[in-house]
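# Summary of the model geometry
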Amino acid sequence: FFAPIVWTWAVLVHGFPSLSPAASHLAFGCAVVLGGMLVAFVSLTTPAGRLPQYYKHLSALGFVTAMAWIYVLAVEVVHALQAVGRVLEVSDAFLGITVLSAANSVGDLVANMAIAKAGMQAMCVSACVGSPIFIILFGGGVASVLGNVLVASPYPLELNLEIFVA
């Protein structure tokens, strides 16, 4: 039911920030109707207690919807952090290096502590070193390559002095 709503939210957040409120409400209304129709279709075509015959397709739909949720929530977290930075008159670069990166590392910290408590210290040290390197090289590299390949003009690299100082 929520898949079309989340997809609409993801598209409207990134693709159409200047869309009028009436058009946004119309898009969400259509998404709710489409989601309701999908729920009715699955409910009416699937016997009780059995998996639908298109279970694999619904699993893929759930995976794509989960990625959309992660995208939308990440965008909202960044926008909230930028709003806090504007109120406190702190630059986006400084907040990204300190607050956002520290919050992003909490999951790794918890996982690495659990691995160390389980008696796998070598694996914990490898994860502490390897995870940030993988995230920086793979995540940043793929995003940079795709951004420069898919966009007509290459992405300008702006070096901020605050990043070097921090």
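First, a word on scope: everything that follows refers to the structure included in this document. (Residues numbered from 1 in each chain as written. Predicted model: local features only at pLDDT ≥ 70, side-chain atom pairs only at ≥ 80, totals over all residues. Heavy atoms only, no water.)

### Overview of the environment of Ala 116
Applied cut-off: Secondary structure follows DSSP: runs of H or I at least 4 residues long count as helices, runs of E at least 2 residues long count as strands, and numbering of each begins at the N terminus. We call two residues in contact whenever any of their non-hydrogen atoms come within 4.5 Å of each other.
Mapped onto the elements, Ala 116 comes out in helix α5 (residues 106-117). Ala 116 sits 70 residues away from Thr 46 along the chain, and the two C-alpha atoms are 46 Å apart. Beyond its immediate sequence surroundings of up to four residues, Ala 116 is in contact with Gln 121 and Cys 124.

### Quick look at the packing of aromatic side chains
Here is the rule we go by: Here a Phe, Tyr or Trp ring, Trp counted by its six-membered ring, pairs with any other such ring whose centre lies within 6.5 Å, and the pair is stacked when the planes are under 30 degrees apart, edge-to-face when over 60, and tilted otherwise. To sort residues, take the accessible area from a 1.4 Å probe on protein chains only and compare it with the maximum for the residue type: under 20% means buried, over 50% means exposed, and anything in between is partly exposed.
Going through the model one piece at a time under the given rule, you end up with two aromatic pairs. Ring geometry for Phe 41 against Tyr 54: centres 5.8 Å apart, planes inclined by 25°, an arrangement best described as stacked. Of this pair, Phe 41 sits in helix α2 (residues 21-45) while Tyr 54 sits in the loop between α2 and α3 (55-88), placing them 13 residues apart in sequence. Judged by relative accessible area, Phe 41 falls into the partly exposed class, the value being 48%. Relative to Phe 138, the ring of Phe 134 has its centre 5.1 Å away and its plane inclined at 10°; by these criteria the two rings are stacked.

### As for a nonpolar patch on the surface
Note the cut-off: Residues with no salt bridge and a relative accessible area higher than 30% make up the patches, which join like charges within 9 Å and nonpolar side chains (Val, Leu, Ile, Met, Phe, Trp, Tyr) within 5 Å. For every accessible area listed, the method is Shrake-Rupley and the probe measures 1.4 Å; residues are considered covered only by the protein chains on display. Basic side-chain nitrogens of Lys or Arg form a salt bridge, by our definition, when they fall within 4 Å of a carboxyl oxygen of Asp or Glu.
The grouping of Phe 134, Ile 135, Phe 138, Val 142, Val 145, Leu 146, Val 149, Leu 150 and Val 151 at the surface amounts to a nonpolar patch, some 880 Å² of accessible area in total. The topology assignment puts Phe 138 in helix α6 (residues 121-150).

### Details of the packing of α5 against α6
Our working rule: In this description, a line fitted to the C-alpha atoms serves as the axis of each element, helices being fitted only across the stretch in contact, and the angle between N-to-C directions of two axes falls anywhere from 0 to 180 degrees. When an angle is under 35 degrees it counts as roughly parallel; over 145 it counts as roughly antiparallel; between 65 and 115 it counts as roughly perpendicular; any other value is oblique. For a crossing to be left-handed, the near helix must be turned anticlockwise from the far one by less than a right angle; the clockwise case is right-handed. Each residue gets one label: Ala, Val, Leu, Ile, Met, Phe, Trp, Tyr, Cys and Pro are nonpolar, Asp, Glu, Lys and Arg are charged, and the others, such as Gly, are polar.
Where α5 meets α6, the axes come as close as 8 Å, and the angle between the chain directions of the two elements is 160°. It follows that α5 is roughly antiparallel to α6 by the angle criterion. The element α5 and its partner α6 pack so that their crossing is right-handed. Judged by residue contacts, Asp 108, Asn 112, Ile 115 and Ala 116 of α5 engage Gln 121, Met 123, Cys 124, Ala 127, Cys 128, Ser 131 and Ile 135 from α6. Split by residue class, the contact of α5 with α6 holds seven nonpolar, three polar and one charged.

### Let's talk about the pattern of salt bridges
Scanning all chains against the criterion turns up one salt bridge. We note a salt bridge from Arg 86 to Asp 92, for which the minimum N-O separation is 3.7 Å.

### What about the packing of α3 against helix α4 (residues 92-104)?
For any two helices packed against each other, one specifies the crossing angle of their axes together with the interaxial distance. In contact at an axis separation of 10 Å, α3 and α4 are set at 120° when each is read in the N-to-C sense. With respect to α4, the axis of α3 lies oblique. For the pair α3 and α4, the crossing hand works out as right-handed. In this structure, α3 uses Val 77, Val 78, Leu 81, Gln 82, Gly 85 and Arg 86 to contact α4, whose residues at the interface are Asp 92, Leu 95, Val 99 and Leu 100. The residue inventory of the contact of α3 with α4, partitioned by class, reads six nonpolar, two polar and two charged.

### Some points on the side chain of Asn 112
Residue position: Asn 112 is located in helix α5. By relative accessible area, which is 11% here, Asn 112 ends up buried. Residues within four places of Asn 112 in sequence aside, it is in contact with Cys 124, Ala 127 and Cys 128.

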